[in-house]
Amino acid sequence: MKVRELLSDKSKWSKHHYAQDASGKPTSPHSENAVAWCLVGAIEKCYGMSHSTKSYGAAARALRCAAGELFGAHGLVPRQDRTDVTFGHIQQVLQKADV
């Protein structure tokens, strides 16, 4: 599964937590109770937990590059947690990165 498939609608996107359960409490991105993920948590869910895996690294680089090209952002987490960032911005990054 690709990150853009996991984050297919706004209800599946989380700010401030790698993942959260239905009540909004933080949880592991791999928890069966997770219903929403931030970009980093979604990468972990889709491409593995270790930041050192090839697929995780490639996905993270693609998202950073896409965010940089679209919005001049240099980091995913600080940018997506800002109040002015919408799910529409996240969708644009995911579409451009194709992860």
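Please refer to the structure placed before this passage.
None of the values given here were measured: they were computed from a predicted structure.

Scoring rules and cut-offs
Residues numbered from 1 in each chain as written. Predicted model: local features only at pLDDT ≥ 70, side-chain atom pairs only at ≥ 80, totals over all residues. Heavy atoms only, no water. Helix = DSSP H or I, 4+ residues; strand = E, 2+ residues; numbered from the N terminus. Buried < 20%, exposed > 50% of the residue type's maximum accessible area, 1.4 Å probe, protein only. Contact = heavy atoms within 4.5 Å. Arc of directions from axis to C-beta. Phe/Tyr/Trp six-rings, centres within 6.5 Å; stacked < 30°, edge-to-face > 60°. Core = buried A, V, L, I, M, F, W, Y, C linked by side-chain atoms within 4.5 Å. Axes fitted to C-alpha atoms, helices over the stretch in contact; angles between N-to-C directions. Parallel < 35°, antiparallel > 145°, perpendicular 65-115°, else oblique. Left-handed = near helix turned anticlockwise from the far one by under 90°. Nonpolar A, V, L, I, M, F, W, Y, C, P; charged D, E, K, R; others polar.

**Q** Just to check I follow, could you spell out the environment of Val93 for this structure?
**A** With respect to the helices and strands, the residue Val93 is situated in helix H5 (residues 87-97). You can call Val93 buried: its relative accessible area is 5%. Put simply, Val93 and Arg4 are 89 residues apart on the chain and 9.2 Å apart in space, counted from C-alpha to C-alpha. Beyond its immediate chain neighbours, meaning those up to four positions away, Val93 contacts Leu63, Ala66, Ala67, Leu70 and Phe71.

**Q** Please clarify how H5 should be interpreted in this entry.
**A** In an α-helix, one full turn covers 3.6 residues, which means residues spaced three or four apart are oriented alike. Buried within H5 are the following residues: Phe87, Ile90, Val93, Leu94 and Ala97. The buried residues of H5 occupy an angular sector of 120° when the element is viewed end-on, so they sit on one face. Note on H5: the residue one or two positions beyond its end, Asp98, has a positive phi of about 55°.

**Q** Help me out: how do you make sense of the packing of aromatic side chains in this one?
**A** In this description, an aromatic ring pair is defined by two values, namely the gap between the centres and the angle between the planes. This model, assessed by the stated rule, comprises 1 aromatic pair. Pairing Trp13 with Phe87 gives two aromatic rings, centres 5.9 Å apart and planes at 40°, and the pair type is tilted. Separated by 74 residues along the polypeptide, Trp13 in the loop between helix H1 (3-6) and strand E1 (19-20) and Phe87 in helix H5 bring together distant segments of the chain.

**Q** Could you clarify how one ought to interpret the nonpolar core in this entry?
**A** Across soluble globular proteins, nonpolar side chains have a tendency to be buried as a group. Val3, Leu7, Ile90 and Leu94 are the most contacted members of the largest nonpolar core, which has 26 residues in total. Among the elements of the structure, H1, helix H2 (39-47), helix H3 (54-71) and H5 are those that each provide at least two residues to this core. Here this core takes 6 residues from H3, the largest share from any one element. Not counting the four nearest positions on each side in its chain, Leu7 is found in contact with Lys12, Trp13, Trp37, Leu39, Ala42, Phe87, Ile90 and Leu94.

**Q** Would you explain unusual backbone geometry in this entry?
**A** Within the chain, His16 stands out as a residue other than glycine whose phi angle is a positive 75°. In this fold, His16 is placed in the loop between H1 and E1. Positive phi, close to 55°, is recorded for Asp98, a residue that is not glycine. Mapped onto the secondary structure, Asp98 falls in the segment after H5. Among the residues examined, Asp98 registers a relative accessible area of 41% and is labelled partly exposed.

**Q** Explain the packing of H3 against H5 to me, please; I cannot follow it from the model alone.
**A** To describe two helices that pack against each other, one gives the angle between their axes and the distance between the axes. Interhelical geometry of H3 versus H5 gives an angle of 120° and a closest axis separation of 8 Å. For the element pair H3 / H5, the angle class is oblique. In this structure, the crossing between H3 and H5 has a hand that is right-handed. Within the contact between the two elements, H3 uses Ala62, Leu63, Ala66, Ala67, Glu69, Leu70 and Phe71 and H5 uses His89, Gln92, Val93, Leu94, Lys96 and Ala97. When the residues that make up the contact of H3 with H5 are grouped by side-chain class, the tally is 9 nonpolar, 2 polar and 2 charged.

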